[in-house]
Amino acid sequence: MKLLFLAQGPIEWPSSRYRAWWVAEAMPQAGCVQLDDALAAGSVHGGYDAVVFPKPCGPEVQALAQTCRARGQRVIWDVCDPVWWLRPREAREFLPLVDHIVVSSDGLAADLRHTLGWPSTVIPDRMKPAFHPTIKKHRAKPWPVLLWFGQSWNRLPSLSGALLTLHRLAAEGVRFRLRVLDDGAHGRDIQIDGVDVEYHRWHLETFHDELCEADVALTPAYPGPWGRMKSLNKQVSAWWAGLPTADGENPELLKLLLHRARFRAEVGLHNRRLAESRYDVAQSVREWEGLVAGRLDSRAVLTEVA
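Residues numbered from 1 in each chain as written. Predicted model: local features only at pLDDT ≥ 70, side-chain atom pairs only at ≥ 80, totals over all residues. Heavy atoms only, no water.

Draft legend 1. Region of interest: the layout of surface pockets. As a volume, the largest pocket reaches approximately 980 Å³. If you trace the largest pocket, you find 35 residues lining it, with Pro14, Gln151, Asn154, Lys230 and Asn233 closest to the centre. Elements that contribute at least two residues to the lining of the largest pocket include exactly helix H1 (14-26), strand E7 (145-149), helix H10 (224-227) and helix H11 (233-240). Residues that form the lining of the largest pocket fall into these classes: 14 nonpolar, 13 polar and 8 charged. (1 Å grid on protein atoms, 1.4 Å probe; cavity = no way out; pocket = protein on both sides within 12 Å on 5 of 7 lines; lining within 4 Å. Points joined across faces, edges and corners; volume = space filled by probe spheres on them. Helix = DSSP H or I, 4+ residues; strand = E, 2+ residues; numbered from the N terminus. Nonpolar A, V, L, I, M, F, W, Y, C, P; charged D, E, K, R; others polar.)

What follows is the structure, encoded as C-alpha cells:
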C-alpha cells in the first residue's frame, strides 16, 4: 500500500519532520507534500492508497478528506497534540471521515480513548540517524553548558518547572551556563536571577552541532495534563547526540552531571545506544508498514470493543 503524508509545515517544524518528512524519506512506497499545497490543489495524487493527515481538521481539511475517500483512498489521522481539546467541534466532525488514528504517545492515546472513545495506534517520534552522525565528546569544563531547546512559545511554561532547581544550584555556587536555543524573536532578553543565561537562535542545519556543543540537556516536563500527552522527541534528540538529560526535578543528579564529565560521558553513551535501538525512523517505517498491511478501520475496532 502506498502512503502519502501531508505535512502540516516545512521540514523545520519538529512534528512535520519527525512524523511526515523523515518517515516518507525512509519509506520507499511513500511520498510527502505540505498540507497547504494539497488544500490549494483540492485533491492529492491518485496513485496513493492511503493519505496521512496531520492534526488540522477544519472545514477545508474535511473537504479534502472527503475527496480522498470518494476516490477510494484511506484516510489516516496522525495526531501529535490533543486537537480535540482546542477544536472539539471540528475534531468530532472529522472523525467520521477517518479510517484510523495514529498518535505520538501513550498519554495521547489514553486521552483520545477517554475523551472521544476512539482507539489509536501509537507510533513515537523518531529521528533520522544521518541527521545525528556524531556523538558528544564530553570533557571537563569550568562552566558546563546546560541546554534548553524547543519552540519559543513553550519556553516559559517548560522552564518554569525547573526555575527553583536552577536558582538552588546557582545559590550553592554550582558553575554552569544555561543556554536557550529556540526561534524566539527576543531571545536575548531572557533573564533568570542569579543564573548565567545565553541565547542561541535555532536553525535546522546547525541543530545537531548545537546539541554537541552542550553538556547536559534540560528537558523539564510540560506542566499540567498536556505534559502527560507530549512525546519524548526533545529527550530523544538529545540522546542521539550523546547528551545526558535532566528534567530539573532532582537537583543532586543535575549537580552530579554538571560536575563530572566522566559521568556525563557514561550516561551520554547509554543514551545514544538507546536512541539507536528504539528511536531510529526506520522503526517507524516498519510500524507504518505493519499498520497499513493490517486493518485500518478504527470504527470496526470500536464495534468489536462495544
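Here the narrative resumes.
Draft legend 2. Main features of the packing of aromatic side chains. Applying the stated criterion across every chain, the model contains 10 aromatic pairs. Aromatic side chains Trp22 and Phe131 sit 5.2 Å apart centroid to centroid with 55° between the ring planes, which places their arrangement in the tilted category. With Trp22 in helix H1 and Phe131 in the loop between strand E6 (121-122) and E7, this pair connects stretches of sequence that are 109 residues apart. Ring plane angle 75° and centroid distance 6.4 Å describe the contact between Trp85 and Trp226, whose orientation is recorded as edge-to-face. (Phe/Tyr/Trp six-rings, centres within 6.5 Å; stacked < 30°, edge-to-face > 60°.)

Draft legend 3. Molecular detail of the sheet that holds E6. One open sheet holds the 6 strands; their spatial order is E2-E1-E3-E4-E5-E6, and the pairing between them is parallel. Lying at the two open borders of the sheet, with one neighbouring strand each, are strand E2 (30-34) and E6. Bridging between strand E5 (residues 100-103) and E6 involves 2 bridges; their strand directions are parallel. Bridge pairing in E6 links Val102 to Thr121. (Pairing = 2+ DSSP bridges.)

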